[in-house]
Amino acid sequence: MVFVFYTSRRVIVSSASSQANAPASVSKPVSKPLNSPARVIAASLVGTTVEFYDFYVYATAAVLVFPKLFFPVANDTASLLASFAVFGAAMVARPIGAVFYGHMGDKRGRKATLVASLLTMGIATFVIGLLPTYNHIGIVAPILLLLLRLTQGFAIGGEWSGAALVATENAPAGKRAWYGTFPQLGAPIGFIIANGLFLIINFLLPHPTSSLMQSEAFLSWGWRIPFIFSSVMVAIGLWVRFKLVESDAFKKAQQRGAIVKVPFVDTMKHHFRAVVLGTFAMLATYVLFYLMTTFSLTYGTKPTTASPAGLGITYTDFVIMQIIGVVFFGIFTMFSGPLADSMGRRKLLLIITVIIIVFALAFPLFLDNKGGTSFNGAMVESFLIIGFSLMGVTFGPMGALLPEMFPTNVRYTGSAIAYNVSSILGAALAPIIATALWTLAGGSTWLVGVYLAVAAVLTLISLILMKETKGVDYAGDSGVESASNKG
């Protein structure tokens with residue numbers, strides 16, 4: 001597994017030393033924010049956009065390319081499931097990355113850790129674009145793909161929470177949820193860039209009319225372009241993040257001597273309840289997210305004559321439909337921030353989770369084949385718009401909610417573990433479970449909807465059990481759940 005780590009300890013130490021040696025008689029000027037709002041927004045948004053772009057590129061290739069080039073077996077469904085299994089394997093590596101990068105982030109600072117996670121993700125994605133296929137090196141090809149996918153998961157395990165902390169620890173008073181939505185915006189923006197690039201390649205390369213875009217040029221080399229292009233985006237992300245300085249919250253924790261020796265041990269010992277509640281609070285979000293992206297693409301583009309049957313919509317048409325839905329994802333993500341700052345994170349999430357349950361049970365109404373291409377297309381587009389809008393409202397507040405559940409000295413570790421363990425329970429299994437339930441129901445999606453509803457019920461229980469985090473002292477020594485446990 002490849003990983004990179006950059007340290008800025010010397011910068012922190014020299015800064016602290018210069019402050020300690022300053023004459024006491026010199027009056028301190030009125031302090032300005034260490035990071036300007038524009039810098040905070042750019043650093044949290046650009047990095048997560050790159051990370052989500054890399055993940056989406058793989059997700060799209062897992063449906064279109066990898067079953068044929070890396071898992072060539074006689075049965076199409078078996079190839080697809082093998083590809084999804086490697087896709088889901090990255091989720092298993094994410095909690096490991098969360099512990100590693102969480103340790104570094106809580107011990108040495110947010111900036112260095114964010115740079116490391118972005119480099120690791122970018123290198124792994126770039127190398128995937130250079131991999132020889134099964135026809136060239138046999139079984140070694142899928143093994144290398146698996147290793148690189150695990151590296152991607154390891155990297156993203158430390159990315160999200162670091163970006164969320166940069167945003168929220170630098171947020172003005174009363175605007176933490178609003179600032180916390182900027183790293184969340186990386187998801188819709190990364191999706192649009194990744195799939196938009198696949199569409200451009202599709203239009204530029206000659207190919208037969210097909211739901212799976214199976215031209216020789218695309219399968220030979222065209223699919224590699226989005227992976228290699230990630231290096232450009234990584235360079236932009238690194239340039240922005242190198243300009244960051246540490247937040248006041250982390251520096252104050254250092255000054256108080258609150259930094260713990262092993263953040264993971266402290267998190268599990270003193271904040272286990274917060275980890276469990278945070279994990280299940282994210283569950284419905286993750287399941288919904290991967291049903292709306294990976295599973296819906298598979299179901300929508302599968303021919304109506306296949307077993308299990310899909311809707312037979314061409315790849316190009318379906319991705320355009322998804323991009324339209326993702327625009328609503330972005331809009332409602334931004335809308336959720338001020339709403340969560342106003343009414344509270346918990347109350348907003350309780351309401352939206354109930355709506356997700358209703359939406360889940362209505363899956364057959366939107367998705368099951370009604371026999372008419374135009375009508376099917378209209379219903380699927382409605383499904384995508386509603387689903388992605390709900391995704392925006394439930395995903396947006398998580399950028400503030402999860403970090404607010406933990407104190408500064410284990411905030412990176414705690415929020416990262418909760419976020420990424422939820423990825424195993426939700427995202428890693430979602431495409432496989434959904435495909436199996438779709439097959440079991442003979443091509444209907446009603447069991448897939450029930451699956452989402454069950455996940456949402458678990459999230460609802462978690463939200464009922466947790467406390468509101470809106471008013472927590474973010475620079476203090478305890479998160480909201482931690483404070484309630486110690487009291």
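Here the residue numbering is sequential within each chain, running from 1 through the sequence in written order. Local features in this predicted model are restricted to residues whose pLDDT is 70 or higher, and side-chain atom pairs enter the listing and the counts only when it is 80 or higher, whereas totals over whole chains, interfaces and linings include all residues. Hydrogens and waters are ignored; side-chain quantities use all the structure's heavy atoms.

Within the protein, the regular secondary structure consists of 24 helices and zero strands. By sequence separation, contacts in the protein at least 24 residues apart represent 84% of the contacts at least 6 residues apart. Every accessible area reported is derived by Shrake-Rupley at a probe size of 1.4 Å, with residue values counting cover from the shown protein chains alone. Carbon and sulfur atoms make up 70% of the accessible area of the protein, which totals about 18200 Å². Helix and strand assignments come from DSSP, with helices taken as H or I runs of at least 4 residues and strands as E runs of at least 2, each series counted from the N terminus. Note on definitions: a residue-residue contact is assigned when non-hydrogen atoms from the two residues lie within 4.5 Å.

Turning our attention to unusual backbone geometry. Between Ser 307 and the following residue, Pro 308, the backbone shows a cis peptide bond with an omega angle of 0°. Secondary-structure assignment places Pro 308 in the loop between α15 (283-301) and α16 (315-343).

Okay, helix α17 (residues 345-361) next. Between the first and last residue of a helix there are one fewer steps than residues, each counted as 1.5 Å, and that sum is the expected span. Between the first and last C-alpha of α17 there are 25 Å, a value that for 17 residues agrees with the 24 Å anticipated at 1.5 Å per step. Between buried and exposed lies partly exposed: a residue is buried under 20% and exposed over 50% of the maximum accessible area for its type, with that area taken using a 1.4 Å probe on protein chains only. For α17, the set of buried residues is Arg 345, Leu 348, Leu 349, Ile 352, Thr 353, Ile 356, Ile 357, Phe 359 and Ala 360.

To continue, consider the nonpolar core. In terms of nonpolar packing, the biggest core is built from 127 residues, with Tyr 58, Phe 66, Phe 70, Leu 145 and Tyr 290 touching the most fellow members. If near-sequence neighbours (up to four positions away) are discounted, Tyr 58 is found in contact with Phe 66, Val 86, Phe 87, Ile 128, Leu 145, Arg 149, Gln 152 and Phe 227. The criterion is simple. A nonpolar core is a set of buried Ala, Val, Leu, Ile, Met, Phe, Trp, Tyr and Cys residues joined through side-chain atoms within 4.5 Å. With eleven residues, the next largest nonpolar core counts Tyr 101, Phe 154, Leu 165 and Tyr 179 among its residues.

Attention shifts here to the packing of helix α5 (residues 110-128) against helix α11 (residues 224-241). Angles shown run from 0 to 180 degrees and are taken between the N-to-C directions of axes, each axis being a line fitted to C-alpha atoms and, for helices, limited to the stretch in contact. With their axes 8 Å apart at the nearest point, α5 and α11 run at an angle of 165° to one another. As judged from the angle between their axes, α5 and α11 are roughly antiparallel. The hand of the α5/α11 crossing is left-handed. Between α5, through Lys 111, Leu 114, Val 115, Ser 117, Leu 118, Leu 119, Gly 122, Thr 125, Phe 126 and Ile 128, and α11, the contact on the second element is made entirely by Arg 224, Phe 227, Ile 228, Ser 230, Ser 231, Val 234, Gly 237, Leu 238 and Arg 241. The nonpolar class holds Ala, Val, Leu, Ile, Met, Phe, Trp, Tyr, Cys and Pro. Asp, Glu, Lys and Arg form the charged class, and all remaining residues, Gly among them, are polar. Split by residue class, the contact of α5 with α11 holds ten nonpolar, six polar and three charged. These descriptions rest on fixed angle ranges, namely under 35 degrees for roughly parallel, over 145 for roughly antiparallel, 65 to 115 for roughly perpendicular, and the rest for oblique. The crossing is said to be left-handed when, going from far helix to near helix, the turn is anticlockwise and less than a right angle, and right-handed when the turn is clockwise.

This part takes up a nonpolar patch on the surface. Any residue with relative accessible area above 30% and no salt bridge may belong to a patch, with like charges joined within 9 Å and the nonpolar Val, Leu, Ile, Met, Phe, Trp and Tyr side chains within 5 Å. Just to be clear on terms, a salt bridge is a Lys or Arg side-chain nitrogen sitting within 4 Å of an Asp or Glu carboxyl oxygen. Taken together, Phe 272, Val 276, Phe 280, Leu 361, Leu 425, Trp 446, Val 450, Val 454, Val 457, Leu 458, Ile 461 and Leu 465 make up a surface patch of nonpolar side chains, about 1000 Å² in accessible area. Looking at the nonpolar patch, the elements with two or more residues in it are α14 (272-281) and α23 (446-465). With respect to the element layout, Leu 425 can be found in helix α21 (residues 411-428).

Let us now look at the pattern of salt bridges. All told, the structure shown has four salt bridges when counted by the stated rule. Notably, a salt bridge pairs Arg 411 with Glu 169, separated by 3.0 Å at the nearest N-O pair. Of the two residues, Arg 411 sits in helix α21 while Glu 169 sits in helix α7 (residues 140-169), which places them 242 residues apart along the sequence. Its relative accessible area of 1% is what places Arg 411 among the buried residues. Judged by its relative accessible area of 9%, Glu 169 falls in the buried class. Salt bridges sharing common partners tie together Arg 176, Asp 341, Arg 345 and Glu 404.

When the centres of two rings from Phe, Tyr and Trp lie within 6.5 Å, Trp using its six-membered ring, the rings pair. Their planes under 30 degrees apart give stacked, over 60 give edge-to-face, and anything left gives tilted. What the rule picks out here adds up to 33 aromatic pairs. With a centroid separation of 4.0 Å and an interplanar angle of 0°, the aromatic rings of Trp 160 and Tyr 419 are classed as stacked. With Trp 160 in helix α7 and Tyr 419 in helix α21, this residue pair connects regions lying 259 residues apart in the sequence. Classification of Trp 160 as buried rests on a relative accessible area of 2%. You can call Tyr 419 buried: its relative accessible area is 2%.

What follows deals with the packing of α7 against α21. It is at 9 Å that the axes of α7 and α21 come closest, and there the two elements cross at 130°. With respect to each other, α7 and α21 are oriented oblique. Crossing handedness for the pair α7 and α21: right-handed. Between α7, through Ile 156, Gly 157, Gly 158, Trp 160, Ser 161, Gly 162, Leu 165 and Glu 169, and α21, the contact on the second element is made entirely by Arg 411, Tyr 412, Ser 415, Ala 416, Tyr 419 and Asn 420.

Next up on the list: the environment of His 103. Mapping His 103 onto the fold places it in helix α4 (residues 76-108). Each C-alpha atom, one on His 103 and one on Gly 158, is 9.6 Å from the other, the two residues being 55 residues apart in sequence. The contact partners of His 103, leaving out residues within four places of it in the chain, are Ala 98, Lys 261, Val 262, Pro 263 and Thr 413.

Segments scoring low in pLDDT should not have their predicted coordinates read at a detailed level. Mean pLDDT for the protein: 82, with 85% of residues reaching 70 or above. Of all secondary-structure elements in the protein, the lowest mean pLDDT belongs to helix α1 (residues 9-20), at 40, while α17 reaches the highest, 97. Each residue carries a pLDDT score, the predictor's confidence in it, ranging from 0 to 100. The low-confidence segment residues 5-31, where pLDDT is below 50, has 18 contacts with residues more than four positions distant or belonging to other chains.

Its location among the elements puts Ile 96 in helix α4. Owing to a relative accessible area of 52%, Ile 96 belongs among the exposed residues under this scheme. For the pair Ile 96 and Phe 154, spaced 58 residues apart in sequence, the C-alpha separation works out to 6.3 Å.

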